[in-house]
Amino acid sequence: HDEALKLFEKAIRLRPEMSEFWYAKADCQYNAGRIMEALASYRKVVSLEPTNRDAWLDLAETLFEAGKMEEALRAYRRALKLNADAGTYFQQAKALFALGKADESIRSLKIAFRLDPGTKEEFRHTYPDLYRDVHVRRMLGLDNESSSRA
């Protein structure tokens, strides 16, 4: 990763306006476990290219991993404005849940499930205890599905 980072940094010095170089650097930093450095680079990407939905998602995921839930939520919401898809609603629901915003999380999950019913399977694997909880299942409209799977 160090050699690749040096190359990206050199490219950035030559063409600092190229979001692709910043994005590659951010991904490399993230893959090397340099989360805080990756955050700075992802932030640079979205400042250079504010309509790059994938960059907003990567920023949000990295913020989530760093425990910066409020910032992650803002980044997820920005990504949703650019392209509202089931996966992003699901990820937003995870951040809302981590922030203790259960009602908002449930609303986000319902949208994800409506956009892509396969998201229910991701929910089942990510939160098996919640998936089996009768109250949660009722709120999510999962009552008609078997709760014994897990």
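A brief report on the enclosed structure follows. Counting restarts for each chain, with residues numbered from 1 along the sequence as it is written. Reporting in this predicted model follows two pLDDT cut-offs: at least 70 for local features of residues, and 80 or more for side-chain atom pairs to be given and counted; totals over whole chains, interfaces and linings ignore these cut-offs and use all residues. As a convention, hydrogens and water are excluded, and side-chain values are obtained from all of the structure's heavy atoms.

Okay, helix H1 (residues 2-14) next. Labels follow the DSSP assignment, with helices taken as runs of H or I lasting at least four residues and strands as runs of E lasting at least two, numbered in each case from the N terminus. An expected span of 1.5 Å times one less than the residue number is assigned to each helix. For H1, built from 13 residues, the straight-helix expectation of 18 Å at 1.5 Å per residue is met to within 8% by its first-to-last C-alpha distance of 19 Å. Listing the buried residues of H1 in full gives Leu-5, Ala-11 and Ile-12. The buried residues of H1 occupy an angular sector of 125° when projected down its axis, which confines them to one face. Exposed and facing more than 90 degrees away from the buried side of H1 are Asp-2, Glu-3, Lys-6, Leu-7, Arg-13 and Leu-14. Packing partners of the buried residues in H1 comprise helix H2 (19-31). When accessible area is computed with a 1.4 Å probe and restricted to protein chains, residues below 20% of their type maximum are described as buried, those above 50% as exposed, and intermediate ones as partly exposed. Summarising the geometry, the arc corresponds to the directions from the helix axis toward the C-beta atoms. The criterion used for residue contact is that any of the two residues' heavy atoms lie within 4.5 Å.

Think of a salt bridge as a Lys or Arg side-chain nitrogen and an Asp or Glu carboxyl oxygen that are within 4 Å of each other. For the structure shown, the criterion picks out 12 salt bridges. The partner of Glu-9 in a salt bridge is Lys-25, with the nearest N and O atoms 3.9 Å apart. You can see Glu-9 sitting in helix H1 and its partner Lys-25 sitting in helix H2, a full 16 residues away along the chain. Its relative accessible area of 12% is what places Lys-25 among the buried residues. Note that Glu-104 is salt-bridged to Arg-77, the shortest N-O span being 2.9 Å. Residue Glu-104 is located in helix H7 (residues 102-115), and its partner Arg-77 is located in helix H5 (residues 69-82); the two are separated by 27 residues in the primary sequence. Accessibility expressed as a relative area gives 35% for Arg-77, which makes it partly exposed. The structure contains a network of salt bridges with shared partners spanning Asp-2, Arg-34 and Glu-37.

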